[in-house]
Amino acid sequence: MEALLKRELGTSTLKATGHSGGGCISDGLSYDTDSGRVFVKINHKSQARKMFDGEKASLEAIWATNTVKVPRPVKTVDLEGGGAVLIMEHIDMRSLNRYSARLGEQLADLHLHNKRQKEKQNKAEQTVGKVQSDIPVIDKFGFHTATCCGYIPQVNDWQPDWVSFYTQQRLQHQLSLVEQSYGDREARELWVHLQLKIPQLFAGIEVEPALLHGDLWSGNVAEYADGPIIFDPASFYGHSEFELAIAGMFGGFGKHFYNAYHEKIPKAPGFEKRHQLYQLFHYLNHWNHFGSSYRGSSLRIMKDLSK
């Protein structure tokens with residue numbers, strides 16, 4: 001692999017630094033090169049290139065907003081023996097501590113970025129000679145490429161309606177995978193009832209497309225010398241509330257984070273029920289990744305919201 005990395009990076013120097021990382025999906029190593037230190041994520045699965053291409057596109061999209069720090073991606077490369085690597089800048093990180101409130105502020109800025117771009121565009125159209133932004137305004141829900149939450153590709157086809165997008169391309173997709181693997185009758189029956197209830201949870205709510213990290217749990221956030229940093233995204237344009245679902249499932253985000261976030265994006269009426277609905281996706285996704293220990297949590301939410 002080192003010869004491949006040398007060739008792809010155009011470097012004569014490639015020295016392992018001893019820094020390692022990764023998680024339950026991919027491994028990671030850092031190397032010193034002629035042009036600085038890089039971090040290399042490695043995955044030997046057949047779908048690794050698709051997964052890393054989606055992560056690279058996610059990092060590029062978040063980077064372009066200039067709202068919250070992400071590692072700058074360099075390139076994705078196929079491994080000769082199967083699998084792929086994602087090369088990005090190396091950043092010395094430590095656990096989130098000092099910058100929790102700033103992360104809340106910056107995450108809200110990320111979620112508001114597309115709306116603010118739209119407002120700027122509308123203003124520019126009324127001002128003769130105003131230069132347009134290079135970042136396009138997005139008026140639908142989805143993403144321009146597949147992204148993976150874990151190793152399962154998400155269906156990111158563009159849709160104008162958020163409720164339809166989330167129902168069909170997030171929950172229905174996950175439940176179809178549950179059906180294929182487990183044939184769970186109770187999940188199937190609960191879904192019939194829950195589908196009818198979902199539109200009611202959005203009564204009176206206008207959902208603006210917001211660029212999301214997509215998998216923002218405590219293991220995907222940290223801080224570096226200058227502030228907070230987020231990584232391992234599975235981005236798409238969706239409802240900003242979706243982002244807070246997995247954040248609330250596995251801890252790691254304290255009151256300073258939430259207070260700062262909601263100072264910029266206050267909770268809308270019905271937030272708590274929708275929060276459950278958004279957590280359902282992640283429990284189903286974990287069921288499909290890690291097995292039936294997540295079945296109970298998935299069914300409990302479906303029962304609660306079907307009442």
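For the structure, see preceding data.
Quick caveat: nothing in here was measured; it's all calculated off a predicted structure.

Reading guide: rules and limits
- Residues numbered from 1 in each chain as written.
- Predicted model: local features only at pLDDT ≥ 70, side-chain atom pairs only at ≥ 80, totals over all residues.
- Heavy atoms only, no water.
- Helix = DSSP H or I, 4+ residues; strand = E, 2+ residues; numbered from the N terminus.
- Rg over C-alpha atoms; globule rule 2.2 N^0.38 Å.
- Buried < 20%, exposed > 50% of the residue type's maximum accessible area, 1.4 Å probe, protein only.
- Contact = heavy atoms within 4.5 Å.
- Areas by Shrake-Rupley, 256 points an atom, 1.4 Å probe, with all protein chains shown as cover.
- Lys, Arg positive; Asp, Glu negative; His and termini not counted.
- Charge placed at Lys NZ, Arg CZ, Asp CG, Glu CD.
- Core = buried A, V, L, I, M, F, W, Y, C linked by side-chain atoms within 4.5 Å.
- Axes fitted to C-alpha atoms, helices over the stretch in contact; angles between N-to-C directions.
- Parallel < 35°, antiparallel > 145°, perpendicular 65-115°, else oblique.
- Left-handed = near helix turned anticlockwise from the far one by under 90°.
- Nonpolar A, V, L, I, M, F, W, Y, C, P; charged D, E, K, R; others polar.
- 1 Å grid on protein atoms, 1.4 Å probe; cavity = no way out; pocket = protein on both sides within 12 Å on 5 of 7 lines; lining within 4 Å.
- Points joined across faces, edges and corners; volume = space filled by probe spheres on them.
- Pairing = 2+ DSSP bridges.
- Salt bridge = Lys/Arg side-chain N within 4 Å of Asp/Glu carboxyl O.
- Disulfide = S-S within 2.5 Å.

Q: Describe the overall build of the protein, listing the residues and the values that go with them.
A: For the protein, the helix and strand inventory stands at nine helices and 11 strands. For a compact globule of 307 residues, the expected C-alpha radius of gyration is about 19 Å, and the protein comes in at 20 Å, within 12% of that figure. Across its three principal axes, the protein shows a C-alpha extent of roughly 65 × 60 × 35 Å. Counting over 307 residues, the protein shows a buried share of 50%. If you take every contact in the protein between residues at least 6 apart in sequence, the share linking residues at least 24 apart comes to 64%. Carbon and sulfur atoms provide 48% of the accessible area of the protein, an area that totals close to 14,700 Å². Treating the 35 positive side-chain charges of the protein as one cloud and the 35 negative ones as another, the clouds have centres 3 Å apart.

Q: Report on the nonpolar core, specifying residues and quantitative values.
A: Membership of the largest hydrophobic core comes to 69 residues, with the highest contact counts inside it found for Trp162, Leu171 and Phe202. Sorting elements by how many residues they give to this core places helix α8 (residues 271-290) first, with eight residues. For Leu171, the contacting residues outside a window of four places in its chain are Tyr166, Trp191, Ile198, Leu277, Leu280, Phe281 and Leu284. Counting residues in hydrophobic clusters, the runner-up holds 11 residues, among them Leu14, Tyr31, Ile42 and Val85.

Q: Describe the packing of helix α4 (residues 162-182) against helix α5 (residues 185-197), and please don't skip the residues or the numbers.
A: In a packed pair of helices, the relevant descriptors are the angle between the two axes and the axis-to-axis distance. Following both chains from N to C, one finds α4 and α5 inclined at 165°, their axes separated by 11 Å at the closest point. As the angle between them shows, α4 and α5 are arranged roughly antiparallel. Of the two elements, α4 crosses α5, and the hand of that crossing is left-handed. Contacts between α4 and α5 involve Thr167, Leu171, Gln172, Leu175 and Glu179 from the former and Ala187, Arg188, Trp191 and Gln195 from the latter. Each residue belonging to the contact of α4 with α5 can be placed in one class, and the counts come to four nonpolar, three polar and two charged.

Q: Please set out the layout of surface pockets residue by residue, giving values where relevant.
A: Where empty space is left in the structure can be found by rolling a water-sized probe over the atoms. A volume near 350 Å³ is recorded for the second largest pocket. Around the second largest pocket sit 20 residues that line it, and Glu206, Glu208, His239, Ser240 and Ile265 are the ones nearest its centre. Of all the secondary-structure elements, those providing two or more residues to the lining of the second largest pocket are α3 (100-125) and α7 (255-264). With three residues, the top contributor of residues to the lining of the second largest pocket is α3. For the lining of the second largest pocket, the class distribution of residues is 11 nonpolar, four polar and five charged.

Q: I'd like to hear about the pairing of strand β2 (residues 27-33), residue by residue, with values.
A: Alignment of β2 against strand β3 (residues 36-43), held across seven bridges, turns out to be antiparallel. If you follow Thr33 over to β3, its bridge partner there is Gly36. Taken together, β2 and the strand that follows it, β3, pair antiparallel across an intervening segment of two residues.

Q: Got a sec to walk through the pattern of salt bridges? Specific residues and values, please.
A: Counted under the stated rule, the structure contains 20 salt bridges. Linking Glu186 and Arg295 is a salt bridge whose minimum nitrogen-to-oxygen distance equals 3.2 Å. Here the residue Glu186 occupies a position in helix α5, and Arg295 occupies one in helix α9 (residues 295-306), the gap between them amounting to 109 residues. Looking at Glu186, the relative accessible area reads 30%, which means it is partly exposed. Owing to a relative accessible area of 28%, Arg295 belongs among the partly exposed residues under this scheme. Taken together, the salt bridges that share partners define one network made up of Asp184, Glu186, Arg295 and Lys303.

Q: Report on the state of the cysteines, specifying residues and quantitative values.
A: Tallied over the entire structure, the rule returns zero disulfides. Free cysteine Cys148: the closest other cysteine sulfur is in Cys149, separated by 9.0 Å. Residue classification places Cys148 among the buried positions, given a relative accessible area of 10%.

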